[in-house]
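Listed below are the residues making up each chain.
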Amino acid sequence: MKLRFTALATLVLLAVMTLPLAAQDLASFEKRVTVKTLPNGLTVLILRRPEAPVFSFFTLVDAGSAQDPLSQTGLAHMMEHMAFKGTPDIGTTNYAEEKIALAKVEQTYAAYEAERVKRVGRDPQKLEQLKKEWQDAIAAADKFVIKNQFGEIVESHGGVGMNAGTSYDDTSYMYSMPSNMIELWAAIESDRFANPVMREFYKERNVVMEERRMRTDSNPTGRLIEQFLGTAFAANPYHRPTVGYASDLQSFSATDALEFFHRYYESSNMVIALVGDLDPAQVMPIVEKYFAQLPAKPKPEEVTTVEPPQNSVREVKMRDQAQPIYVEGYHRPSYLDPDDAVYDAITDIMSNGRTSRMFRSLVRDQKIAAAAAGFSGFPGTKYAHLFAFYGVPLPGHTNQEMQKAIQEQIAKLKSQDVTDDELQMFKTRTKADLIRGLASNEGLAQQLAIYQTRYGDWRELFRYLDKVDKVTKTDIRRVANKAFQDNNRTIGSIETVMDPAAAGRGTN
Amino acid sequence: MRTQKSLFVQILFSFVLLAAGLGTAQPIPWNKLTFPPLPAFHPQQPTRIQLANGMVIFLQPDHELPLISVTARIRGGSISEPASKVGLVGLYGEVWRTGGSKTKTGDQMDDFLEARAAKVETGDGSDSTTISLNCLKADFEPVFDMYLDLLRNPEFRGDKLELAKQQMYTGIARRNDEVSSIVGRVSADLAYGKDNPYARDEEYATVFAVQREDLLSWHQQYVYPNNIILGISGDFDPTTMEAKLRQTFDSWPKGPPTKDPDIKFTPPKPGYYLVQKTDVNQSTVSMLDLGILRNNPDYFAVSVMNEIFGGGFSSRLFNNVRSAKGLAYSVGGGVGTSFSHPGMTNIEMQTKSDTTVVGIQALYEEIDKMQQRAPDVDELKRAKDQILNSFIFRFDSPGKVLREKMAYEFYHYPLDFLEHYRSEIDKVTADQVTQVARKYIQKEKLSVLVVGNDAEFDKPLSGLGPVTKVDISIPPPPKALMEQMGQQGPGGQN
């Protein structure tokens, strides 16, 4: 799990380098972090950082596209989009009437969809009629909508960096505001997750289709990644695209999204971290006052399917109107594996900067690649995932040369110890990166929320450094030998084909 | 079964909550809330020093973390490179660092710096180059020595120039793979003109033509104290640091003055421009024109107009083209502004192939509305609030304040430019917003670029007006380079 790590790191680094810096010691950092789990199960962290009268927050919902139900890929991401559509108090001119109109939309859509998916006996005329009823219902519901009022409230009160993200592992929401807006923040953010309204759902589905066309269908690397993950994983949900398959995106309903919401957006499944010019003594009661309205429900069920051992080389060769690229991935266990820090050491030694092995061998010395690296955490970290290597060949060089050179580097890692300097560089850089990560409210909020979610205790970001310090050269060889085996490999590549008729492309 | 159980638990808990909720303060709806004023905030201003040799130094101490960073911005960038050697400054910005100094190779520097998790990097831009440093306070002395060595005695070793050229060739070979890269390049070509220094592209031939001597002579021509603005921020004592920097730079003699080239900006040729790409199912539409300079008196009205028209999550383009019509995931834009030359006005969207023309018409509709209908009181207020309430984020860290001041110094803007900004935004009227919309976004003057699969468009583009097909095929490498690349050449062309 490669994240950026903070405070204790500073302490350790300071001890190592004998830099006196009282303000950054662990005790002071712990004093500045207040953690509270509300009766409904929601965990809130507040870190005081009074550099300027502003704050940032990061809300992490411990559910991502890995939680998408069968035949509803893209639903977690769709829900993320819907979290900007408002509530009964935000985004409507008359919720009482809109609610009835939205129920009609769902009812007519269900009827249309039931006809549309009929394998036998579908009546085209009836389908047209049902579609019209559904579209009319949408138009009727639309009359009540105040467009993007949620975003407008945030932005007109000085909010910046408003965004959200869905990964395989989780869904996150973030922005920053002037610190005098903390109660407004609490009011709208709690409302957003207590009372979401699925308005404009089917238009937003089209927006997400455009996002899919942009990121995947119309982008050669996007096309390759979708095919590659679909091949590398068979059982774990990592084999499906986060954005969703086009047919699923054109099928699931607002009712499905709301069901997903009620199952996974549970207070006990969410962590909120706030960092900035905030006094916890004043702010925590405000947060409690507003977020108490989130219902308490048990944590949703975990994914229990474990990706079985691969036991065979797999390969995806894309013939495409794009220049060549080569990638190969190896399964590794989740971030909770005791060797997690060893994988990070391998990533650092293989890929970090101009001293890294991949750069020096493929780019500098062999002069066959424009870029080359190996990295962990693909496409997520929560479940067993991939350690992947890639090479971007220089003009006139081939994917076969990338493969050979990458496998030589892997063989070297397996057969010889890394040097003392390499290992030390990894440890020093990890510690320094921690310090650099302390300089922003946004970054700190993100780390606190992630560590609290992933380990149940934000202090774990301290303990990671102990694990880094314990990594040995023997560990690196052992883990490389364990992970980088032929039968555990999936290969992906783009081979250039300039004839449009013979090349791959996105679907409509 | 599972669902029923969790529903039951939910009901149970909601009763518990209800009971617990009695007697606690009730949440207030968002629109009934009042806010305390933001506490007075006077961000620390950097100290400005000008040495006798013309070098300007800004010192911005910041003791939060044990780090120090330095950035020197040096006048002269790619707009000043010869047309036959486009790419020269890009190569310079890379090889300045990787090529090392007279006494240390770039690789030796890498080993030294990485062992300390320190960075010394060089970079390039259209009007300047940079050399920067970031390290732990404890390592400052040796890292700064290396920084100075690179600043004064770069070697531009040939092997690293060759490596940088190879990477640039790769970029050229791959520049038509992704739509975003095509759009970025062709948009600039259309807005500024293909040969304008702000738009022209590196080609195999122009990169191949660059020699080590070009980098050395560039350095000789531009890197003088009177061309440098240096900013330092982080955990240092300002008095000691000032003395150290004076001692370091005072003896560096002034160099000859340099001047940016005079560049003529002519408005783009209106019409439709098509780049055909068969492996996509989505079109990118970019409506282009020349924008304005930031010292234009209309700058403030333009800022408000941009916010209303195409900025952020509640702009008209976002509301109407994305949310209401579901035509795009990515849509936005406005009048471009830059410090030293006209910015690029760009209204851009991506929409599926079979709504390409519908999408263009939707953008036109918004342009028309912007010109015909002045924003109402609420819309104007919201836009101003967005700008004014988020103003604090322009100076919420000492580093941001420093960067802002360095930019004003570089472009000869008043150092208190930001201080007037608030009141100027406040003064903008609804009429002014309409006026600048009419003045700077005129449908009939726009160059409209479409990158997409025209066989699948909803209607032919030619129904809208004359269409020029843009050829983006990559000029082949010169013969000598082709031989160097071997039999295969740079791969397929598209």
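Conventions adopted
Residues numbered from 1 in each chain as written. Chains lettered and ligands numbered in written order. Predicted model: local features only at pLDDT ≥ 70, side-chain atom pairs only at ≥ 80, totals over all residues. Helix = DSSP H or I, 4+ residues; strand = E, 2+ residues; numbered from the N terminus. Rg over C-alpha atoms; globule rule 2.2 N^0.38 Å. Buried ≥ 20, exposed ≤ 12 C-beta atoms within 10 Å, placed from the backbone. Contact = placed C-beta atoms within 7 Å. Nonpolar A, V, L, I, M, F, W, Y, C, P; charged D, E, K, R; others polar. pLDDT = per-residue confidence, 0-100. Pairing = 2+ DSSP bridges. Axes fitted to C-alpha atoms, helices over the stretch in contact; angles between N-to-C directions. Expected span 1.5 Å × (residues − 1). Domains from an automatic or database assignment. Core = buried A, V, L, I, M, F, W, Y, C linked by C-beta atoms within 7 Å. Parallel < 35°, antiparallel > 145°, perpendicular 65-115°, else oblique.

## Observations regarding the overall build of chain A
So, step 1. Tallying secondary structure elements over chain A gives 19 helices and 11 strands in all.
So, step 2. Here chain A has a C-alpha radius of gyration of 25 Å; the compact-globule value for 508 residues is 23 Å, and the two agree.
So, step 3. Along the longest, intermediate and shortest principal axes, the C-alpha atoms of chain A span 70 × 65 × 35 Å.
So, step 4. Within chain A, the fraction of its 508 residues that count as buried is 55%.

## Re the interface of chain B and chain A
So, step 1. The interface of chain B with chain A comprises 82 residues on the first partner and 82 residues on the second.
So, step 2. Those elements that provide at least two residues to the side of chain B that touches chain A are α1 (2–21), α3 (106–115), α5 (158–173), α11 (316–324), β12 (344–352) and α13 (377–389) of chain B.
So, step 3. Of the residues forming the side of chain B that touches chain A, the biggest block, 8 residues, is contributed by α1(B).
So, step 4. When its residues are assigned to classes, the side of chain B that touches chain A shows 37 nonpolar, 30 polar and 15 charged.

## Concerning the confidence of the model for chain B
Residue and element names in this part refer to chain B.
So, step 1. Confidence along chain B averages 92 in pLDDT terms, with 93% of residues attaining 70 or more.
So, step 2. Counting contacts from residues 1–24, a segment whose pLDDT is below 50, to residues more than four positions away or on other chains yields 17 contacts.
So, step 3. Here the complex is predicted with pTM 0.91, and the ipTM for its interfaces comes to 0.90.

## Describing the pairing of strand β6 (residues 228–234) of chain B
Residue and element names in this part refer to chain B.
So, step 1. The element β6 is largely enclosed, with a buried count of 7 among its 7 residues.
So, step 2. Note that strand β2 (residues 56–61) and β6 share 6 bridges and pair parallel. Residue pairing in the sheet places I57 in a bridge with L230 of β6.
So, step 3. Note: strand β3 (residues 67–75) against β6, 7 bridges, orientation antiparallel. The residue of β6 that forms the bridge with T71 is G231.

## Some words on the sheet that holds strand β9 (residues 369–378) of chain A
All names here are of chain A.
So, step 1. On the basis of which strands lie adjacent, the open sheet formed by 5 strands has the order β7-β11-β8-β10-β9 and mixed pairing. If you trace the sheet from one side to the other, it starts and ends with β7 (314–320) and β9, each paired once. The average angle at which neighbouring strand axes cross in this sheet is 10°, direction not considered.
So, step 2. Bridging between strand β8 (residues 325–332) and strand β10 (residues 385–393) involves 7 bridges; their strand directions are antiparallel. Pairing of Y326 across the sheet is with G391, part of β10.
So, step 3. Across the sheet, helix α14 (residues 357–365) is in contact with β9 and β10; its angle to β9 comes to roughly 150°.

## Re the confidence of the model for chain A
So, step 1. Predicted confidence across chain A gives a mean pLDDT of 92, with 93% of residues reaching 70 or more.
So, step 2. This stretch, residues 1–25 of chain A, has a pLDDT under 50; its non-local contacts, to residues over four places away or in other chains, come to 58 contacts.

## Here we look at helix α10 (residues 299–310) of chain B
Residues and elements named next belong to chain B.
So, step 1. Along its 12 residues, α10 runs 16 Å from first to last C-alpha, staying within 8% of the 16 Å computed at 1.5 Å per residue.
So, step 2. A large share of α10 lies buried, amounting to 11 of its 12 residues.
So, step 3. Turning to α10, its buried residues number three or more, namely F300, A301, V302, S303, V304, M305, N306, E307, I308, F309 and G310.

## A closer look at the domain arrangement of chain B
All names here are of chain B.
So, step 1. Annotation of chain B at the domain level lists domain 1 (47–249) and domain 2 (271–463).
So, step 2. Each side of the interface is counted separately: domain 1 has 19 residues, and domain 2 has 24 residues.
So, step 3. Broken down by secondary-structure element, the contributors of at least two residues to the side of domain 1 that touches domain 2 are β2, α6 (179–192) and β6.
So, step 4. The element that contributes the greatest number of residues to the side of domain 1 that touches domain 2 is α6, accounting for 8 residues.
So, step 5. Tallied by class, residues from the side of domain 1 that touches domain 2 come to 11 nonpolar, 5 polar and 3 charged.

## A closer look at the sheet that holds strand β4 (residues 160–166) of chain A
Residues and elements named next belong to chain A.
So, step 1. With mixed pairing, the 6 strands of this open sheet are ordered in space as β1-β2-β6-β3-β5-β4. The sheet terminates laterally at β1 (33–37) and β4, the two strands that pair on one side only. Across the sheet, the mean angle from the axis of one strand to that of its neighbour is 10°, orientation sign disregarded.
So, step 2. Sheet topology places β4 next to strand β5 (residues 171–178); 5 bridges connect them, and they run antiparallel. In the sheet register, T166 faces β5, and the bridge partner there is T171.

## Digging into the nonpolar core
So, step 1. In terms of nonpolar packing, the biggest core is built from 193 residues, with A257(A), A273(A), L274(A), I346(A), V143(B) and Y147(B) touching the most fellow members.
So, step 2. With 55 residues, the next largest nonpolar core counts V183(B), Y273(B), F300(B) and V451(B) among its residues.

## Quick notes on the packing of α13(B) against helix α15 (residues 417–427) of chain B
Residues and elements named next belong to chain B.
So, step 1. As a packed pair, α13 and α15 sit with axes 10 Å apart at the nearest point and diverge in direction by 175°. Taken together, the axes of α13 and α15 are roughly antiparallel relative to one another. Residues K384, I387 and L388 of α13 form the contact with α15, whose participating residues are R422, I425 and D426.
So, step 2. Residue composition of the contact of α13 with α15, by class: 3 nonpolar, no polar and 3 charged.

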